[in-house]
Amino acid sequence: MENRTLLYEGKAKKIFATENPDHVLVYFKDDATAFNAQKKGSFERKGELNNKITSLIFNYLEKKGIPTHLVEQVSDLEQIVRRVDIIPLEMVVRNYAAGSMAQRLGVEEGTKSPVVIFDLCYKKDELGDPLINDHHAVFLGAATYEELKELYAIADKVNSLLIQLFDKIGIILVDFKIELGKLPSGEIILADEISPDTCRLWDKETMKKLDKDRFRRDLGSVTEAYVEIYERLKSKLEA
Ligand code: UDP
């Protein structure tokens, strides 16, 4: 990575400037964190697998009419994306209770929800990305009510498309998180990543967890789980 200008370094990615002012380069690291970075580690091929899985999924969503920031995957660890202002909100979409929601509400993990659940979180590491509501988001200046409407619509469409896609490869989409970015024109597009780091993915037959919970909960075979997701997606989407 010779002479590149580092614009930003996060927990799992580095962002570099490119010659095109409208584009940046995303480098996917092998570092893994969980529970607001209280648990730290890394595992083999994590960066590569998340880069490749995100590229496959974003290309698929783009073909289905969801605008994304992805321009192209340029190497095993890197992709070029459109430069956006990241909206400081995490949109979590849930089809089954798991993780923090199962804990907060005292329901068993794996309980199917009769409705799609949207949780809005404020992206603020110092506060541990707290759960907020629409009014808080507007109060914080993170988004307007109009923009929130759009965020929910995008999240709902992404959820429907991903439920179908994962179902075809024998996977239950339990929940996931997306981040959205704003172009200078004001257009809101899908940004960041969609990978086993940001989704809960369970094998339909065995209910085996094939996502970051293997790292969070020390379940072992983390790389193998990510490879499984990549291989299944690749054979479906590159067929
Ligand atoms: N998630 C994420 N980044 C976060 C928090 C959550 O990608 O900072 C994803 C997580 O992988 C899961 C979904 O969002 O697929 C819901 O996570 P939850 O709120 O249950 O929190 P967790 O149990 O992961 O702490």
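Everything here concerns the structure above.
A brief report on the enclosed structure follows. (Residues numbered from 1 in each chain as written. Predicted model: local features only at pLDDT ≥ 70, side-chain atom pairs only at ≥ 80, totals over all residues. Heavy atoms only, no water.)

## A look at the pairing of strand 3 (residues 23-28)
Phase 1 of the analysis: Of all 6 residues in strand 3, 5 are buried; the element is thus mostly enclosed.
Phase 2 of the analysis: By the bridge criterion, 5 bridges tie strand 2 (residues 13-17) to strand 3 in an arrangement that is antiparallel. From the neighbouring strand, Lys13 faces strand 3, where its bridge partner is Phe28.
Phase 3 of the analysis: Between the end of strand 2 and the start of strand 3, which pair antiparallel, lie 5 residues.
Phase 4 of the analysis: Two strands pair when backbone bridges link them, and strand 3 and strand 7 (residues 78-82) are joined in this way by 5 bridges, in the antiparallel orientation. Pairing of Leu25 across the sheet is with Ile80, part of strand 7. (Buried < 20%, exposed > 50% of the residue type's maximum accessible area, 1.4 Å probe, protein only. Helix = DSSP H or I, 4+ residues; strand = E, 2+ residues; numbered from the N terminus. Pairing = 2+ DSSP bridges.)

## Considerations on unusual backbone geometry
Phase 1 of the analysis: Backbone geometry places Asn36, a non-glycine residue, at a positive phi of 55°.
Phase 2 of the analysis: Note on placement: Asn36 falls in the loop between strand 4 (31-34) and strand 5 (39-42).
Phase 3 of the analysis: For Asn36, a relative accessible area of 37% gives the class partly exposed.

## What to know about the pattern of salt bridges
Phase 1 of the analysis: Applying the stated criterion to the full structure yields 29 salt bridges.
Phase 2 of the analysis: Its salt-bridge partner being Asp76, residue Lys52 comes within 3.5 Å of it at the nearest N-O pair. Note that Lys52 is positioned in helix 1 (residues 46-63) and Asp76 in the loop between strand 6 (70-73) and strand 7, a separation of 24 residues in sequence.
Phase 3 of the analysis: Accessibility expressed as a relative area gives 43% for Asp76, which makes it partly exposed.
Phase 4 of the analysis: Here the residues in one salt-bridge network are Arg94, Arg104, Glu109, Asp119, Asp175, Arg200, Lys209, Asp213, Arg216 and Arg217, joined through shared partners. (Salt bridge = Lys/Arg side-chain N within 4 Å of Asp/Glu carboxyl O.)

## Let's talk about the side chain of Ser195
Phase 1 of the analysis: Take Ser195: it is sitting in the loop between strand 13 (188-191) and strand 14 (199-203).
Phase 2 of the analysis: Taking relative accessible area as the criterion, Ser195 reaches 0% and is therefore assigned buried.
Phase 3 of the analysis: A distance of 3.3 Å separates polar atoms of two side chains, one belonging to Ser195 and the other to Asn50.
Phase 4 of the analysis: Polar contacts involving the side chain of Ser195 include one to the side chain of Glu193, which spans 2.6 Å.
Phase 5 of the analysis: Those residues in contact with Ser195, other than ones at most four positions away along the chain, are Asn50, Ile53 and Thr54. (Polar contact = N/O pair within 3.5 Å; in protein donor to acceptor, adjacent residues only side chain to side chain. Contact = heavy atoms within 4.5 Å.)

## Comments concerning the packing of helix 1 against helix 6 (residues 222-237)
Phase 1 of the analysis: Contact geometry of helix 1 with helix 6 gives a least axis separation of 10 Å together with a crossing angle of 30°. Our classification of the angle between helix 1 and helix 6 gives roughly parallel. The chirality of how helix 1 crosses helix 6 is left-handed. Contact residues: helix 1 offers Leu49, Asn50, Lys52, Ile53, Leu56, Ile57 and Tyr60, while helix 6 offers Thr223, Tyr226, Val227, Ile229, Tyr230, Leu233, Lys234 and Leu237.
Phase 2 of the analysis: Residue classes in the contact of helix 1 with helix 6 are distributed as 11 nonpolar, 2 polar and 2 charged. (Axes fitted to C-alpha atoms, helices over the stretch in contact; angles between N-to-C directions. Parallel < 35°, antiparallel > 145°, perpendicular 65-115°, else oblique. Left-handed = near helix turned anticlockwise from the far one by under 90°. Nonpolar A, V, L, I, M, F, W, Y, C, P; charged D, E, K, R; others polar.)

## Comments concerning the packing of helix 4 (residues 145-168) against helix 6
Packed helices, taken two at a time, are described by the angle their axes make and the gap between the axes.
Phase 1 of the analysis: Contact geometry for helix 4 and helix 6: axes closest at 9 Å, N-to-C directions at 100°. The angle between the axes of helix 4 and helix 6 places the two elements in the roughly perpendicular class. Touching Leu165, Phe166 and Lys168 of helix 4 are Ile229, Leu233, Lys236 and Leu237, all from helix 6.
Phase 2 of the analysis: Here the contact of helix 4 with helix 6 is built from residues that sort into 5 nonpolar, no polar and 2 charged.

## Focus on the site of the ligand
Phase 1 of the analysis: Every one of the 15 residues lining the ligand counts as a neighbour, but Arg94, Ser100, Asp175, Arg200 and Arg216 are closest to it.
Phase 2 of the analysis: Here an oxygen atom of the ligand and a backbone polar atom of Asp197 are 3.5 Å apart.
Phase 3 of the analysis: Between an oxygen atom of the ligand and a side-chain N or O atom of Arg216, the distance comes to 2.9 Å.
Phase 4 of the analysis: Notes on the ligand: free accessible area 500 Å², of which the protein chains cover 78%.
Phase 5 of the analysis: Elements that contribute at least two residues to the shell around the ligand include exactly strand 9 (89-96), helix 2 (99-105), strand 12 (171-182) and strand 14.
Phase 6 of the analysis: Of the residues belonging to the shell around the ligand, the class tally is 4 nonpolar, 3 polar and 8 charged. (Near = heavy atom within 4 Å. Areas by Shrake-Rupley, 256 points an atom, 1.4 Å probe, with all protein chains shown as cover.)

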